[in-house]
Amino acid sequence: MSTYRLNSLLSPRSVALVGASPRRGSVGAAILGNILKAKFGGKLGLVNARYHEIHGLTAVRGLEQLPFVPELVVITTPPQSIPGIIDQAGRLGSAGAVIVTAGFGHGAGSFAEAAEREAQKYGMRLIGPDSLGIMMPGAQLNASFAAHMPAAGSLALISQSGAIAAGMVDWAAQRGVGFSGVVSIGDQLDVDIADLLDYFALDGRTRAILLYVEAVKNARKFMSAARAAARVIPVVVVKPDRATQRVGAVGTHSGTLASSDAVHDAAFRRAGILRVSDLRDLFDCAETLGRPGWRPGKRLAILTNGGGIGALAVDRLVELGGTLAVLAPDIREKLDAVLPPTWSDSNPIDIVGDADAARYAAALEILLADRGNDAILVMNVQTALASAEEVAATVISVVGEHRKQNARWAKPVLAVWVGGEPKAVELLSSAGIPNYPTGGDAVRGFMHLVHHRQVVDELMQVPPALPESFEPNTEAAKRIVNTALADGRQWLDLIEIKQLLAAYEITMVATFAAADPDQAVAHASQIFARGATVVLKINSRDIAHKSDVGGVVLNLTSPDAVRAATIDIMARAKARCPDARISGVIVQEMVVRAKARELIMGLADDPTFGTVVVFGRGGTAVEIINDKALALPPLDMQLARELVGRTRVSRLLGAYRDVSAVKADAVPLVLVKLSQMAADIPEIRELDINPLLADENGVTAVDARVAIGSVAPKFRGRGPAKFAVRPYPSRWERHIQVKDGWRILARPIRPEDEPLIHEFLRHVTPNDLRLRFFAPIKEFTHQFIARLTQLDYARAMAFVAFDEATSELLGVVRIHSDSIYESGEYAILLRSDLKGKGLGWALMQLIIEYARSEGLKEISGDVLHENHVMLDMCRSLGFEVKSDPTEADICKVRLKL
């Protein structure tokens, strides 16, 4: 797994600091000082050949001279020394290292390559180089050169910037926000963002993860880890460089629209990660997420002693898409009974400027009990009539009682104390009530939670491998592309594009190729016979945008006009592009649909995330209008509808005035078809349909461009070569017959299997659960089961087995690959009353077949010595069985593939 040995790095029992120093201002001295201040309780060894003693602690010349083997080695020495230090640590048995040193270089012959090679020899994990270090309050370990040690808390921070990590820690110290861990990952030579997402998502002390991301190293691995983590806890990201333009040549509008920042936005959305725009937003998120957890709706009640600040908060709420809670008549009656007649009688609940602590308490208790709101924002403007500190203390008391009585589903309460004394803010922070400088900040913090729930809801969608609503002619489509590639071409011509789209049941206007004026007239005559008019377009593989060279003539009504226009277009194109190869003209039927909407949709190839689906408002000014939305494929109809709904042009697809609505789902269906085309034919690099006309009769492509090229798989493992998100692997559904003719259906697990897993576990004895999980299990939480059922099939797979006759769930087998996709760790669990029927054997064979197909080199697992049935099965399947040298009651089983 990608969490392999990370516990030894982030919660070590022993640490060695190589490069420890007494010299003030040195990194070695700063890290040593922080380790000592944090009062690390494990063994600490110092390595520096120049000193025998540092701050009263013995220092040695090398790691081998320490009286113990350090689990974690922290290194601050020059780059050239580090590969040797890692080799020495690996030979001793250290689990990993944090490399603070920068300047390693990249690629063949670099110190980075040498360090990575040495680490891989021993299975060591590396954080860094160029890392600020790690801060793990739960382990009382501050192996960093940050100025402060964060307090213990429930936020994990993973940052590619040491400065950002240090700044977040300083901010948190001022606000009373604590961390379960802070990791500065630096250059991600080994341990990357995905590994740490896996680790903290499984960490019971972590309630939310904050990310500062500059670059994603392995998109499929990142998406897999992010999707898994976000299904369990909130994940929030800041990514800079929003203005960075796409690098490299782009031949289509879709390619231009798919900027790097827009693609990252789409990826974060698909992963269920909430993206915020800057550090202020990240701080607001931390303020909200770092407090007792909740998942609110979007209805906010505002309790205030100042109407003006309440009104400003409402403006911000509406602007961000929130909803102002409505006060029901019975709630207004209850408030009438405890508030003066001059209260606002509506939300915001303005309890008037002379409100004291008792009035706040009375109103707040009523609002906390009101089911008509999902969260409450309490605002206070300090006056000479009431103590802001007393009001804060009273609010804390009321909220505390509410949390005590509703431990599981406490209602969120946020606070703004305007002009209040610092003591009031300190009281609110220490009580775990998120508080903000302004109402706008508080509303933004609240809406971060709302938006997080929305992206997680979208995340639960599991796209099928192939949409069921159509059957594309995949072979014909591949033949078109392969023929063009064999010709040495990079673009399909318009006739080939029409055939390609037809293979995926995408309608395009009648289109013909003409080499000269006579052929153009002949094709045009067929169109005239239908009572339509004609469009002519220059036909050249070297001219990307026809209208730019005067290569389009519309609404031709006679053969003579077609002949003259053909001669004119070809001459004009030759004059403006003398080096272009002119093949003649394209003759198309002129589509006159006055009330049709002009749309664009297509495919682009991002260097990090692979294939991206693009949708927006079409036409010649598509880049200027810049009304677009992007999504990572695969898409199903729900995801496609959501993609369309994120554009401004989507508002025009419904009916308005005398314009009929676009045919239901006609537009999303084409997006699903393009997504499937990208999965089937990875040689398609870019694709534009622009414009796609849409009205009440359906959709028709008027013009299109398709760029092609040979493809090298972008990601490890099987699945579409350029998809960062793998589709549901329906091809792995199997009908299996075991002993006595018993028929079993085995298929990949789905999120909706969670209730079935809960029922299944009721049929597993406590002892069998202990053999599977190595410890007694009293309760299976939603979070625990969600981790089992909600896979994205990139690094993990689980098969569930059902009785074909009764549809009862009988067993589960799963495998999770390591971070470099070479080895997989398996686990299996069956109903206790079904042993000896051949089900376990069948599921083990299935998971072995799957691992081989994925290109894994071996399968491994841990089995208790007393689990004789499992060990016997492993031996029969060809596994090597050995005792674990570090855990006497565990056997290591391994099967070479």
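Criteria and thresholds
- Residues numbered from 1 in each chain as written.
- Predicted model: local features only at pLDDT ≥ 70, side-chain atom pairs only at ≥ 80, totals over all residues.
- Heavy atoms only, no water.
- Helix = DSSP H or I, 4+ residues; strand = E, 2+ residues; numbered from the N terminus.
- Rg over C-alpha atoms; globule rule 2.2 N^0.38 Å.
- Buried < 20%, exposed > 50% of the residue type's maximum accessible area, 1.4 Å probe, protein only.
- Contact = heavy atoms within 4.5 Å.
- Areas by Shrake-Rupley, 256 points an atom, 1.4 Å probe, with all protein chains shown as cover.
- Lys, Arg positive; Asp, Glu negative; His and termini not counted.
- Charge placed at Lys NZ, Arg CZ, Asp CG, Glu CD.
- Pairing = 2+ DSSP bridges.
- Axes fitted to C-alpha atoms, helices over the stretch in contact; angles between N-to-C directions.
- Salt bridge = Lys/Arg side-chain N within 4 Å of Asp/Glu carboxyl O.
- Expected span 1.5 Å × (residues − 1).
- Parallel < 35°, antiparallel > 145°, perpendicular 65-115°, else oblique.
- Left-handed = near helix turned anticlockwise from the far one by under 90°.
- Nonpolar A, V, L, I, M, F, W, Y, C, P; charged D, E, K, R; others polar.

With that out of the way, let us pick up the overall build of the protein chain. Helix and strand counts for the protein chain come out as 28 helices and 38 strands. What you see for the protein chain is a C-alpha radius of gyration of 32 Å, in line with the 29 Å of a compact globule of 897 residues. With the C-alpha coordinates aligned to their principal axes, the bounding extent of the protein chain is approximately 100 × 80 × 70 Å. Put simply, the protein chain has 897 residues, and 58% of those count as buried. Here the contacts in the protein chain between residues at least 6 apart in sequence split such that 71% fall between residues at least 24 apart. Accessible surface, the protein chain: about 36800 Å² in total, of which carbon and sulfur atoms supply 51%. Taking the 99 positively charged and 100 negatively charged side chains of the protein chain as two groups, their mean positions are separated by 3 Å.

By the element assignment, Arg-648 lies in the loop between α22 (637-645) and α23 (666-680). In this structure, the C-alpha to C-alpha distance between Arg-648 and Asp-627, residues 21 residues apart in sequence, is 6.4 Å. Arg-648 has contacts with Ile-625, Asn-626 and Asp-627, leaving out every residue within four places of it along the chain.

All right, on to the sheet that holds strand β2 (residues 43-47) then. Spatially, the seven strands line up as an open sheet ordered β3-β4-β2-β1-β5-β6-β7, and their pairing is mixed. Whereas interior strands pair on both sides, the edge strands pair on one side only; in this sheet they are β3 (53-54) and β7 (125-127). In this structure, β3 lies alongside strand β4 (residues 57-60), joined through two bridges in antiparallel fashion. By the bridge assignment for β4, Glu-53 is matched with Thr-58. Against the sheet, helix α3 (residues 82-92) engages β1 (14-18), β5 (72-75), β6 (96-99) and β7, with an angle of about 165 degrees to β5.

Strand order in the open sheet formed by four strands is β21-β24-β22-β23, and the pairing between neighbours is antiparallel. Looking at which strands have only one partner, the edges of the open sheet turn out to be β21 (511-514) and β23 (552-556). Within the sheet, the average angular offset between the axes of one strand and its neighbour, ignoring direction, is 25 degrees. Taken together, the four bridges between β21 and strand β24 (residues 584-589) define a ladder with antiparallel strand orientation. Looking at the pairing, Ala-513 lines up with Ile-586 of β24.

This part is about unusual backbone geometry. Between Asn-347 and the following residue, Pro-348, the backbone shows a cis peptide bond with an omega angle of 10 degrees. The topology assignment puts Pro-348 in the loop between α12 (329-338) and β17 (349-350). Across the junction of Asn-690 and Pro-691, the peptide omega takes the value 0 degrees, indicating a cis bond. When you line up the elements, Pro-691 lands in strand β28 (residues 684-695). Of note in this structure, Asp-345 is not a glycine but carries a positive phi near 60 degrees. Within the secondary structure, Asp-345 is located in the loop between α12 and β17. Backbone geometry places Asp-665, a non-glycine residue, at a positive phi of 65 degrees. Its place among the elements puts Asp-665 in the loop between α22 and α23. Relative accessible area serves as the criterion here: at 32%, Asp-665 is assigned to the partly exposed category.

With respect to the secondary-structure elements, Asp-688 resides in strand β28. Despite being buried, Asp-688 has no salt bridge partner; Arg-705 is the closest side chain of opposite charge, sitting 5.7 Å away. If sequence neighbours within four positions are ignored, Asp-688 has contacts with Thr-252, His-253, Ser-254, Ile-600, Met-601, Gly-602, Asp-703, Ala-704 and Arg-705.

A word on the pairing of strand β30 (residues 704-708). For β30, the buried fraction is high: five of the five residues fall into the buried class. Neither face of β30 is open: one carries Ala-704, Val-706 and Ile-708, the other Arg-705 and Ala-707, and all of them are buried. Bridge count between β28 and β30: five bridges; the pairing is antiparallel. The partner of Glu-686 across the bridge, within β30, is Ala-707.

Three- or four-residue spacings in an α-helix give side chains the same orientation, since the helix completes a turn every 3.6 residues. The end-to-end C-alpha distance of α23 is 21 Å, a good match for the 21 Å that 15 residues give at a rise of 1.5 Å each. Among the 15 residues of α23, 13 are classified as buried, and the element is accordingly described as predominantly covered.

Right, let's get into helix α14 (residues 388-405). For α14, spanning 18 residues, the distance from its first C-alpha to its last is 26 Å, which sits close to the expected 26 Å at 1.5 Å a residue. For α14, the full list of buried residues reads Ala-388, Val-391, Ala-392, Val-395, Ile-396, Val-398, Val-399, His-402 and Arg-403.

This paragraph deals with the packing of helix α6 (residues 193-201) against helix α7 (residues 219-230). Contact geometry for α6 and α7: axes closest at 8 Å, N-to-C directions at 20 degrees. The orientation of α6 with respect to α7, classified from their angle, is roughly parallel. Where α6 crosses over α7, the two elements pack in a sense that is left-handed. Between α6 and α7, the residues in contact are Ile-193, Ala-194, Asp-195, Leu-197, Asp-198 and Ala-201 and Lys-221, Phe-222, Ala-225, Ala-226 and Ala-229, respectively.

The next thing to look at is the pairing of β28. Most of β28 sits inside the fold, with eleven of its twelve residues counted as buried. In terms of strand pairing, strand β25 (residues 597-606) meets β28 through six bridges, oriented antiparallel. Counted as the bridge partner of Leu-599 is Leu-692 from β28. The antiparallel hairpin formed by β28 and strand β29 (residues 698-701) contains two residues in its connecting segment.

This part is about the packing of α22 against α23. Describing two packed helices takes the angle between their axes plus the distance from one axis to the other. Between α22 and α23, the least distance of the axes is 8 Å, while the angle of their chain directions is 115 degrees. For α22 against α23, the interelement crossing comes out right-handed. Contacts between α22 and α23 involve Met-637, Ala-640, Arg-641, Leu-643 and Val-644 on the former and, on the latter, Val-667, Pro-668, Leu-669, Leu-671 and Val-672. For the contact of α22 with α23, a count of residues per class yields nine nonpolar, no polar and one charged.

Counted under the stated rule, the structure contains 47 salt bridges. For Asp-518, the salt bridge identified is with Arg-563, shortest N-O distance 2.6 Å. Pair noted here: Asp-518 is in helix α19 (residues 517-529) and Arg-563 is in helix α20 (residues 559-576), with a separation of 45 residues, a long-range link. As a salt-bridge pair, Asp-872 and Arg-875 come within 3.5 Å of each other at their nearest N and O atoms. You can see Asp-872 and its partner Arg-875 sitting in helix α28 (residues 868-876), three residues apart, about one turn around the helix. On the basis of relative accessible area, Asp-872 is assigned to the partly exposed category, the value being 45%. A cluster of three or more residues bridged by salt bridges with shared partners is formed by Arg-125, Asp-190, Asp-192, Asp-195 and Lys-221.

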